[in-house]
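Descriptive analysis of the structure
Here is what each chain is made of, one letter per residue.
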Amino acid sequence: MGGETFEVPKLKSAYPKLSAHPVGQWIPHIYKDRIGMFYGGGQYETKNLRAMMTEGTASGSPHINLSVWDAPDLTRPTFKEATDPKNKYRSTQVGDWFGPSWSTHWFKVNLTVPQKLCKKELLELHWDANNEGMVWTEDGNPLQGLTGGGERIEWILPEKFRDGKEHTIYIEMACNGMFGNAPGGDSIQPPDPNKYFQLGKADIVAVNVEARNLYIDMWEIGDAAREFPTDSWEQHKALRVANEVIDAFELGNQDSIINGRKIAQEYLGKDASSSKVYKSGKEPLVYAIGHCHIDTCWLWPWAETKRKVARSWSNQCNLMDRYPEHRFTCSQAQQYKWLKQYYPYVFDRVKEKVKKGTFQPVGGSWVEHDTNLPSGESLVRQFVYGQRFFESNFGERCRTFWLPDTFGYSSQLPQLCRLAGMTRFFTQKLSWNNINKFPHTTFNWVSLDGSQVICHMAPAETYTAEANFGDVRRSVTQHKSMDQDETSLLVFGKGDGGGGPTWEHLEKLRRCRGMADTVGMLPRVHMGDSVEDFFDRLEKKASNDVDLVTWYGELYFELHRGTYTTQANNKRNNRKSEIMLRDIELLATLASIKSGYKYPKEDIDDMWEGVLLCQFHDCLPGSSIEMCYDDSDELYAKIFKTGEKILKDLQTILGVQEVDKSNTKGGLVALNTMPWHRRELISIGDNQAGVACGDGNLLKIRTFKITETPEVTVEEVRSGVFVLQNDQLRVEVEGGVISSLYDRRTEREVIAKGGKGNQLVIFDDKPLYWQAWDVEVYHLDSRKELSPGTTKIVQQDAHQVSVMTETKISDKSWAKTYISLSAAFRGQQSYVEMHSEVEWQESMKFLKVEFPVDVRNTEASYETQFGIIRRPTHYNTTWDMAKFEVCCHKFADLSENGYGVSILNDSKYGFATCGNLMRLSLLRAPKAPDALADMGRHHIRWAILPHEGELGSTTVHTAFNFNNPLKLVQSPEPLEASAFSNPIKLTGNPSLILDTVKRGEDDEDVSRGELKKRKGKSVILRIYDSLGGKSKGAIETTLDVQRVWKTNVLEDDEEELKFSKGKIDIVLRPFEVATFRLQL
């Protein structure tokens, strides 16, 4: 009670009483810099860790004997061709040069491992010629790709090579680097055709595995010391551990390396060089997925891409055998098909890995296509052909659309993804925006019709991450949607030119995971899950309690706006081939049902696959080298040749043929493929025209009556001033431009006061870097009007009149522009048509044509795939200003209450509306990567269509007609009345467009056997609402229809519809794309 005492034990301490010596504070930046010196190159590499990375090397004879066969004329022979006994292999050695650019050289490599190296842990062949290559077995199996230039130069020798005997392999050398053959260091410059490559290394190397592991340990610990905040204990510990490893190192002492690895474990954990590191059971934030983006063409042609695919994917199969956690994903059915055709051995390996779940096809599309320029039906077919390939070869469809490198994303993609069986979308390209920062990482992307997909944009802001410490860290620090979900994808691996992940990437990620589990601060990264696993978790959250933010409409890319215009001929071929395929499918479908004609499915498939290939995101946009456009020109020529033959056969079935001017027997009719009533003038020769009228595939032609008062006139009212006039429009052309366009019915002037319609303008066009890709906002400051030359009347027929103006663009370039007006029909809106023949030989210039109109609205409308998108005409914010150049399809429109103006085109995609100024982009002249882009002769058509009321079906239908002119044909024999009627009609709201008529993919008389056949015959109809309102209508048909289903775009039956008395009632949401299957 209050008086007790207790004895407290004294703490025993070894803390010395006297200071032994001074100890200074570390100078952090000095100790940080020291870390890189330990494993880097330079003056210390013979004294630091690098000096112990190998345990022995064998070079030259007798261990490595080389001979080579040079493939002739830039050919790319197969293994069988290259090893033909007739080929003479000559002796060669390290130091020899090979070329020129794009040539192929086959090396026979005889290897004998020296006895002293046979028992070493890891033996590799190191081969470096600074270009790409492929290792082949002696009997012709491709094993692994080589990159060159110090990257992916090693091939692990098989166990059987350790017997001291000679073994033979072949190496196929491609005389191009990973990014083609650009001169100097700028990869986007036109390729140098005379580049040569020196074989710099061919060694058998015994790798010091522990030294290699310590190298990776120090790389990651060093990154932690450099990149963690300096006020964190984690950074200070990284600095200390790294320096302790350095202090423990003794050159030539293997035990010091093993000791260094033990010290590193203090920061990385004991499993950091093993797949066990991912089995700690702790919740990760970052999910890493191996990826290999291979541009189907870009700075190399398609032929090289085929080899890149085999090189890259065989590498990944090898890595999967060594790294059980490795999950690799890649898209593009076309590339898988090439692999199947040209490298069946590698394709079988891929199939085996797909079955195991380690190699994961993704994307669901034929190629990673552009989404701005292809038609709506082309976007559908990207999915149809892609998904059918994946399902038929791998047993399932893709669930995630994958487009990491495309130049903007069309507003209808979410709807089409859903219709193709995909509910999620991955990209990252908007991180390249050069005006505004896109605000989301994970969000619901909503289409014009309201359909949505979950979109994730990798916060590391790349699809070719190097799997560095910083990539993992940025996957959280740059994540903009952590209020809803904090997880992210880290997509890593060498890309664009192929390659994919390397062993270094996989090792670095193991260290990052070990660091996160042991020390913390770094986000926990995980490997072993697929892309689908990642999105499955997101989708589950979005289905339950998480409201992801939404983004409505297009994902506009604030860069690469020049791709709407570059390579005009390529874009024209795209538009024309899309139209041709639509015509063929429509006419072939009806012929196969009514006349026993064999639906040409194989030819149609080949044509579509060609068109879809050319829509790759560096081909159609115009950002590839000249060789690629030589290839696409050749492919389009083949497509058009095939199509013309099919159409000729179909015309015969219709009872018509090409017009034979020497044989006037037989009536003239017009071939029509539009699904509505048309009444149009059609030239019948000798400056005469007829009037084609009807709604069938053949239209009767009646004589154009010449009245006392001409239907259309042209007159030079005073010197250099011409007036073209019909019942609806009065056009005044002065100084080569339209000074007045007067709508006689509404008594309204269309051209703004003092404005010049159809004015050609030219701009300086020197973007910051990406020439073929970009046009920058400052180019608008260089606007210069082109002064027209003389104007003259060139056509004065009863049905049509025209004036022509010659314009000198420069000493090398000129334009002849025709302004034409045709006779008007009552109840049908007339328009003014322009046709320009342009000789274009400019450098870094941009040609456009302008229409200042007397219409006011803060938004303009542009046709996009299956709909309309509205964009600002003002620069209120930087988001508005960023859209100074946008994409449109067949028309752009500016309307106010009660009146509007549409500009139509036949092959152009770039447009801008600034205030009341409507500007159609015509031609560019970039010099990289194709120095000859757009040089030469061009023929371009456009039109100005004034209209009463706001944008409506008048513009939509007229734009279709403008792109699908009637074709004059001859009927040798009298045609039956049924020839002039259409067995399938769409009635009701005129905003409904019957866009596609085709046969069912799996109809038993059509199917090519890829998937299960469907009994009987069916007709597929694709219909969409074109104006953005709920649309009611009916499909009316005289075909013998048994049942009708609404399907998805893959033609899976979803909802059976009522069919009665030849009619199916339909209702579509605003901008809905609907597919119907009519079972006959």
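Below: a short report on this structure. (Residues numbered from 1 in each chain as written. Predicted model: local features only at pLDDT ≥ 70, side-chain atom pairs only at ≥ 80, totals over all residues. Heavy atoms only, no water.)

1. Remarks on the overall build of the protein chain
Counting its regular elements, the protein chain contains 18 helices and 56 strands. Here the C-alpha radius of gyration of the protein chain, 34 Å, is about what a compact globule of 1080 residues would show, namely 31 Å. Summarising its shape, the C-alpha atoms of the protein chain cover approximately 125 × 95 × 65 Å along the three principal directions. Across the 1080 residues of the protein chain, 61% fall into the buried class. The contacts of the protein chain with a sequence gap of at least 6 include a subset with a gap of at least 24, amounting to 74%. Per element, the accessible surface of the protein chain, about 42900 Å² overall, is 48% carbon and sulfur. Counting 133 positive and 148 negative side-chain charges, the protein chain places the averaged centre of each group 2 Å from the other. (Helix = DSSP H or I, 4+ residues; strand = E, 2+ residues; numbered from the N terminus. Rg over C-alpha atoms; globule rule 2.2 N^0.38 Å. Buried < 20%, exposed > 50% of the residue type's maximum accessible area, 1.4 Å probe, protein only. Contact = heavy atoms within 4.5 Å. Areas by Shrake-Rupley, 256 points an atom, 1.4 Å probe, with all protein chains shown as cover. Lys, Arg positive; Asp, Glu negative; His and termini not counted. Charge placed at Lys NZ, Arg CZ, Asp CG, Glu CD.)

2. Quick look at the packing of helix α1 (residues 28-39) against helix α3 (residues 209-227)
Across the interface, α1 lies against α3 with an axial gap of 10 Å and an inter-helix angle of 160°. Taken together, the axes of α1 and α3 are roughly antiparallel relative to one another. Read as a crossing pair, α1 and α3 show a hand that is left-handed. Residues Lys 32, Ile 35, Gly 36, Phe 38 and Tyr 39 of α1 lie in contact with α3, whose contacting residues are Leu 214, Tyr 215, Met 218, Trp 219, Gly 222, Ala 225 and Arg 226. (Axes fitted to C-alpha atoms, helices over the stretch in contact; angles between N-to-C directions. Parallel < 35°, antiparallel > 145°, perpendicular 65-115°, else oblique. Left-handed = near helix turned anticlockwise from the far one by under 90°.)

3. Considering the sheet that holds strand β33 (residues 759-764)
Two strands in a sheet stick together by hydrogen bonds in their backbones, pointing the same way (parallel) or opposite ways (antiparallel). Spatial ordering of the open sheet is given by β34-β33-β39-β46-β45-β42, a layout of 6 strands whose pairing is antiparallel. Taken across any chain shown, the strands that pair with only one partner, and hence form the sheet edges, are β34 (784-785) and β42 (886-887). (Pairing = 2+ DSSP bridges.)

4. Focus on the pairing of strand β8 (residues 142-146)
Across a regular strand the side chains alternate sides, sitting on one face of the sheet and then on the other. β8 sits mainly inside the fold: 5 of its 5 residues count as buried. Here 4 bridges tie strand β7 (residues 132-137) to β8, and the two strands are oriented antiparallel to one another. Along β8, the bridge assignment pairs Gly 133 with Leu 146. Between β7 and β8, which pair antiparallel one after the other, the connecting turn spans 4 residues, and Gly 140 there sits at a positive phi close to 100°.

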